[in-house]
Amino acid sequence: MENKGNENSVLVRNMSRRNFMKGAATMGAACAGAGMLSASGWLSPREALADDVDSEQEEKSFTYHCANCGNPACALECTTRGGKLVKIEPNQGWNDPRLATICLKGISEINRIYSEDRLQTPLKRAGERGEGKFVAITWDEAISTVGDSLKKAIEEHGPKSVCFYSSSSANTDDGIRWLPTLLGTPARRAHPAGGGIDCGIGNGYDDTTGNYAPVVPQSSDVRTWKDSDVMVLVGHNPAESRLHSVRYVLEAKEAGSELIVVDPRYTTTAQHADWWIPIKPGTDPALITASIHHIIENGLYNEEFVLEHTAFPFLVDVEAGTYLRATPETKDEAGNVVKGDVNPFMVWDSAANAVAPYNSGAAPELFKEVVVDGKTYKTVMQLAKETYEGATPEWAAEITEIPAEDIKKLAEKYATAGSAVLSYGMGGADKYPNSDITGHGMSLLVSLTGHIGRPGTGFGEGIVPLNHPAAMGKWKLPEQFKVSKLPQSAATFTQEESPVRVLFGIGNPINQLFANSEATDKWVKSLDFVVCMNPYHCPSVDYADIVLPTTTGFESEYDVRGLQNRRDHAVLAEKVIEPLFDSHTDFEVERMLCEYLGFGDYIPKDPEELVNALLSGAKDPWKGITVDTLKQNNGIQPLAVSPKPVVNYADLKFPTASGRLEVFHPSMAKHGQALPVHEDCEEITSEEVASKYPLQYGQVRSRNRVHSQFAGTHWIKDVNGEPAIRINPKDAEARGIKTGDVVRVYNDRGSVKFVAQVAKDMRPGQISIQEGWWPSQTIEGNFQSLTNDKLVDRQRDRKYGPIIPFMDTKVEVEKA
Amino acid sequence: MTKLGIAINQSRCVGCNTCSVSCKMQNRIPSGMLWNRVLTNNSEVADSAEGEYPDLRRTYTPLACQHCENPACQRVCPTGATYKDDKGRVEIDYDKCIGCRMCMAACPYNARVFNWAEPVRDPDFAYGDKDVPLRPKGVAEKCTLCKERTDRDEEPMCVKCCPVGARVYGDLDDPNSEISKIARLGTAKVLEEHFGTKPQVRYYK
Amino acid sequence: MTALLKKPAFVALVALALVGIGCWIYQLASGLGITGMSNANSWGLYIMMFMLFVGLSAGGLIVASSASVFHIERFKAVAMPAVILSTACICVAGMFVLIDVGGIQRVWWMLVSPNPTSPLLWDMCVITLYLVINIIYLVFMSSKKEGAERKVAIVSRFALPIAILVHSVTAWIFGLQIAKEGWYTAVLAPIFVASAMDSGLALLLCVLAGLRKAGKFDVDQKLFSTLAGLLATCIAVDAFFIGCEVLTMAYPGAAGAETLAIMATGPTAPFFWFEVIGGLVVPFCILVFAKNREKTSLVVASSALVILGVFCKRIWLLLTSFVIPNVEGAPGMSLGTFAAQNGGGEMWSLFGSYCPTLPEILIALGAVSVGAIIFYVIAQNLMFKKETAASAGGKSEAPSGSSEDSLTATA
């Protein structure tokens, strides 16, 4: 494991940005003098200035690396000269030119990968944990220390004492992929369940469809939205969070689809909306339940769809909170769900005036209450009507601060549209403690209206072109190794006892994936051992005992880095440049650890072996595609799939027990949430809190960011400016704050200092910052020190566990 | 005759600045300045809005050299360093630029930037297209309509990289080109029309 | 020359000049970024001084050549100091232009590929021509040869229109720019010529008073007062043009009014009001009275105010038009300065703003000092009363029949 030095490092190593600038200025002054004296400098300054890099051979390489703004999308054509990355452009090899995308972040990687924030060598902690004091060590020492610590923890405390924890890191499909399974330890990668993040709406929605994914995938390819009449985006800002695909929304709008955006702020997406509905933060369930009320009361639901594809006609035992079925068995001995064809759900057959199985061909009654053997049964629709009787638009208007007329109009537009799309974002409603209710409520809206399964309809998170089914092969580990589940929701780690004693962090999980940084700080400091793996010295790194410097997606020791299916294209990741400094790819780090721990034989010997395994096990659409063919085609080849965009649920069959949209959730009956009922966000609506901390604190998504990535990147800061809070003119004036003032933002949990920007698009009563600023980038303090980490007990019974309510945070702002 | 230009769809522009950053990369623009910038109209703070919450409106105006048919900058340049070429682009011959900055005073769009200091690049090598000349301190520079690319019949980098397809490039003298069709739209306009500079950059909705 | 170096004032000028040159070399090495200029406000002190000194220069020459053209015999007595002053001032103006350009080593391109539509090119040509005429004027004025007087008369007929032209062309650098609301006006050239007249004449009066006090050159008090009266008239003309311009800007209550607001109540207001009140109203009110014109101290004070007022005019004229860009919007203009190279918020400004830096000021002072030295050296050789051994160190006496008596030499 020799240190892979690189002459690039001479220029940037150990130079802070200020040093770099000063050095350049004095060098520049000297060169300027020289330039004046040389003849060519006088006459043809252009020639005199030609950079060394220009004289080097130019090379092109292709990769898909991009810092992952939520959906693998862009493929990159990279140009290097003299081993330095000089240009990044969108790969043009897609079969639809609109897919050739890139954004300011991808381009700024030229600047970012050479940043002074790069970790240059493995480090060992030299002071207290959290101090950020380190000494440089060799890779040998780093790997052996980490390996020994992992082994020790597993031996002494069991495999659940180790947790691999990833944030949306610098790499896309890399990170640590096999080691956790080989060790038998749990891992939380990017978006799985149990992290308390991005699964709020899925918590409530997925029980309806039976399709379990913490982030509910948008069911229709965004390119079909031009066939919709109405597109409703709730807490979703794709004009900033999905730059690669927002054009399809705009194209749909140009084709006549009405764009409606529900958001507290006048976001970049809201500006393009035909109708922007400002909503009070954290009140989405009220809006949704009032819409449900309006739809039911006025018969605006799609009766045929409701009767045939949803559980609305099903009878439920009101007291027990369960569906009435032929027999009480919902699970068999093996614990599998008993399907409706075996044990049917029951409806009321109005013709026979009796209970009947739902699949008996009877015409069910939609609104019915009946007493059988002393038990009261109601159809779900009847129960809904009663449940939502009080959820009038007028009631919701008070809570959401949306006029009742607008609530009605929104409900009508969505319900009566020929085709409508409903889309949510993970940065909005998902981050409030009532997000599961929002998700559940949204599933009712979809179920009442039938806007799913056809082009121009759909529900889910985000907007993307969807992949057709085209499974790749897998790298199989030997049978004896099984994936280990998290012992409990990671959201509870910082607040409750857990078996975790060793944290292996990949990316910036510590500062980014937990709220209330004081609590996180305490927890991390209580652990036995912390590893951090990252190209950059992000805030999490300061907590590490061992720091492993990794490459960015542009660097590799190997010619081939990876393979992905991106938008129905096989996209190859090649090496673009050599690893900078003494860094290694995630792959190589994992290989070194596996070899040290004796697992070397089980994992690919290099990424190309992995890629070949993925290709050789791939299904038909991949036929004929090899690493060589990809290399010959600039790293991209279309898969042999239908050109028709994907619309899921076209057959309107859902993987629930009944095969239908099961809007009534028995598991939540004990919480009074079998049907979604609005619940206030505790901190936002507390009058006691409001008297001290009147402003809601939003940490919002931004085009300048992928969470905490790019926060300090100079090319991005050039167009984004300094870390700032944005505040409405009224709130600013009341506090004597002007643009450019330094302000203190604080609550009981913490305090931060930022520059203020008085921004008219901000909702009064709400301030926002772009998420992810590092404490070293703020004027003072950690933006995460303010956020709310209080978990909602009900959600422990949800599929993905409790979510961390980052957005249910109130603060006050004053001039510093 | 060729009259190259760019049309920008302000109904699509999301103000992301990908055009600004891609231009910076391609044209090896040093730290401290940009050739293209994205303005939030009538705002003091980027991404703010006009009006009062919730009655708001926002428009982004990406702004760079307008490659005017009647360029004020070219008129005043004492050495003829600024010239209008046969493809209709307004260009600067850096060898002739004496740095008097008369062009900067004359341009109604503040489209030009000046190398007040020795150019500093971060990362500290000449990224971008190697055919693009590196400029010394003391000369003015601006959007060249990606001269090196458009000479190779490639579209400007800002057009190539715009993620929402808000930019169209083409020949305004070709009546069948996409840009000419856009120029004939009712919503198509130029900035500061009253100055009579006749920009070849059009804005439409 | 060595005698000069014994005078503390002269030594001070040389010191300032050397400091200025040193700073200029620093500017050549580091770039114009050492000044307070930026992409948002791309002209500053150097161009203000350039405008000022072209005006000061043209004014002096207009007075001197008018004496000949309009046969105002009495003025001929001060023609020599006026032309020397004019020469020195135009050298200073030329210096400022060269100091201001970013690529002085490429200036020769103006000769090789001149662009005939460029007001800057016109100005370079006219200033060069003007300097040549000044030198010819000086040569003929100081010539003892036969027919020198007639040659002076001929030269003065060229000098007068060229003097008017030089400052008009300078005005056209600004006045023809449609992009700048505060500059684009037909009356800018008349304003500049009027400013040239009153500031040039004011400078001449100050210099004459100073030379008389130092015993270097005598001026008849009546002539002095007459010139002061001429100054009052020039001030009135200048004020009239300014008044026309302000009225035209304000009346429609549109874009011009916005620019006017910046001048009257905005960042450049102090300079605007100083010029109007301190540079026009007050000196006029003083000089309009004959009694006041007889007091040298009042004349000098008024003249100083006029010059300062005209300098303020250069300031507000130049800066006001940079304040608000035509296409407004956040984050504004990317500045390109040293600070901007650090990126982030420091890179942008919604508005133009400017404050000269210390090196910039020192360079300006240095250039002015060089001008003063040029004046001093030429005047010493062509104009000053020779000091006799007896009078050295004390107040000098009236000349004693020296053939180099300037009073007769310029008849």
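Quick notes on the rules
- Residues numbered from 1 in each chain as written.
- Chains lettered and ligands numbered in written order.
- Predicted model: local features only at pLDDT ≥ 70, side-chain atom pairs only at ≥ 80, totals over all residues.
- Contact = placed C-beta atoms within 7 Å.
- Helix = DSSP H or I, 4+ residues; strand = E, 2+ residues; numbered from the N terminus.
- Nonpolar A, V, L, I, M, F, W, Y, C, P; charged D, E, K, R; others polar.
- Buried ≥ 20, exposed ≤ 12 C-beta atoms within 10 Å, placed from the backbone.
- Arc of directions from axis to C-beta.
- Core = buried A, V, L, I, M, F, W, Y, C linked by C-beta atoms within 7 Å.
- Pairing = 2+ DSSP bridges.

Here's the deal with the interface of chain B and chain A
When the parts of a complex come together, some accessible area is lost, and that lost area is often used as the size of the interface.
Next up, step 1: Every contact between the two is made by 46 residues of chain B and, on the other side, 60 residues of chain A.
Next up, step 2: For the side of chain B that touches chain A, the secondary structure elements donating two or more residues are α1 (18-26), β3 (50-52) and α5 (157-161) of chain B.
Next up, step 3: In terms of residues, the side of chain B that touches chain A owes the most to one element, α1(B), which gives 6 residues.
Next up, step 4: For the side of chain B that touches chain A, the per-class residue count stands at 23 nonpolar, 9 polar and 14 charged.

Considerations on helix α10 (residues 255-265) of chain C
Residue and element names in this part refer to chain C.
Next up, step 1: Of all the positions in α10, only Thr-259, Leu-260, Ile-262 and Met-263 are classed as buried. Viewed end-on, α10 has its buried residues packed into an arc of 150°, placing them on one side of the element.
Next up, step 2: As for α10, its buried residues are in contact with α9 (221-250), α11 (269-287) and α13 (296-323).

A look at the environment of Asn41(B)
Next up, step 1: Within the secondary structure, Asn41(B) is located in strand β2 (residues 37-41).
Next up, step 2: Among the residues examined, Asn41(B) registers 17 C-beta atoms within 10 Å and is labelled partly exposed.
Next up, step 3: Each C-alpha atom, one on Asn41(B) and one on Val164(B), is 19 Å from the other, the two residues being 123 residues apart in sequence.
Next up, step 4: Among residues more than four places away in sequence, those in contact with Asn41(B) are Glu50(B), Thr59(B), Thr61(B) and Gly329(C).

Quick look at the nonpolar core
Next up, step 1: Of all hydrophobic cores here, the largest spans 436 residues; its most connected members are Val232(A), Val92(C), Phe96(C) and Leu231(C).
Next up, step 2: In terms of residue count, helix α3 (residues 45-69) of chain C provides more of this core than any other element does, 17 residues in total.
Next up, step 3: Once residues lying within four places of it in the same chain are set aside, the contact partners of Val92(C) are Phe53(C), Ala367(C), Val368(C), Val370(C) and Gly371(C).

Comments concerning the interface of chain B and chain C
Next up, step 1: Listed by partner, the interface residues are 49 residues for chain B and 47 residues for chain C.
Next up, step 2: When contributions to the side of chain B that touches chain C are tallied by element, the ones reaching two or more residues are β2, β5 (60-63), α2 (72-76), α3 (102-106) and β8 (113-114) of chain B.
Next up, step 3: Classifying every residue of the side of chain B that touches chain C by side-chain character gives 28 nonpolar, 13 polar and 8 charged.
Next up, step 4: In this sheet, strand β1 (residues 329-330) of chain C lies alongside β2(B) in antiparallel orientation, the contact comprising 2 bridges. Within β1(C), the position partnered with Thr40(B) by the bridge is Ala330(C).

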